[in-house]
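Geometric and topological summary
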Amino acid sequence: MTAVAVAEDDALWAAVADPTRRRVLDSLLEHGEATTTTLAEGLPVTRQAVAKHLAVLNRVGLVAGRRRGREVRYAVQPERLDDAAEAMARVAAQWDRRLARIKRLAESVQAEAEINFQHQQGECNDRSQDWNS
């Protein structure tokens, strides 16, 4: 992955990390297109806060605004949303591989500990038999 691609992914992750921005995206997906005022009516934030969240989402290409008269109507950009889903799936697959390695390592350590414990128990039993003899 190039440095530019990593920076783009980082910006994307930062944009969707905020729960309010995810709610803005959900609302846009539900309504198709909406103004900042319309979006703010359904969220516990001001219109100005919605505008700032939309600016972040716009910078990473998840939404785009289109001027209609005095209003700017925002909509989700499906292509970029697909790219985002693919990026998230790649990261999820990386984490699945990492977690599988950690699990194998933990199971190996546990198995070794059990063998050592059984070996120690056997030595203790051998010693107690020596004492009893």
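Below is a short write-up of the structure.

Parameters and conventions
- Residues numbered from 1 in each chain as written.
- Predicted model: local features only at pLDDT ≥ 70, side-chain atom pairs only at ≥ 80, totals over all residues.
- Heavy atoms only, no water.
- Helix = DSSP H or I, 4+ residues; strand = E, 2+ residues; numbered from the N terminus.
- Expected span 1.5 Å × (residues − 1).
- Buried < 20%, exposed > 50% of the residue type's maximum accessible area, 1.4 Å probe, protein only.
- Arc of directions from axis to C-beta.
- Contact = heavy atoms within 4.5 Å.
- Pairing = 2+ DSSP bridges.
- Phe/Tyr/Trp six-rings, centres within 6.5 Å; stacked < 30°, edge-to-face > 60°.
- Lys NZ or Arg CZ within 6 Å of the ring centre and 35° of its normal.

1. Some thoughts on helix α2 (residues 19-31)
One full turn of an α-helix is made of 3.6 residues, so residues set three or four places apart face in the same direction. The end-to-end C-alpha separation of α2 is 18 Å, in line with the 18 Å expected for 13 residues at 1.5 Å each. Those residues of α2 lying buried are Arg21, Val24, Leu25, Ser27 and Leu28. Buried residues of α2 fall within an arc of 160 degrees about the axis and therefore sit on the same side. The outward face of α2, more than 90 degrees from its buried face, is lined by the exposed residues Leu29 and Glu30. The elements touched by buried residues of α2 are α1 (3-17), α3 (36-41), α4 (47-59), β1 (63-68) and β2 (71-76).

2. Notes on the pairing of β2
As paired elements, β1 and β2 share six bridges and run antiparallel to each other. In the sheet register, Arg67 faces β2, and the bridge partner there is Val72. Two successive antiparallel strands, β1 and β2, enclose a turn made up of two residues, where Gly69 displays a positive phi of approximately 65 degrees.

3. Observations concerning the packing of aromatic side chains
Enumeration according to the criterion identifies zero aromatic pairs in this entry. Against the face of Trp95 rests Arg98, its NZ or CZ located 4.8 Å from the ring centre.

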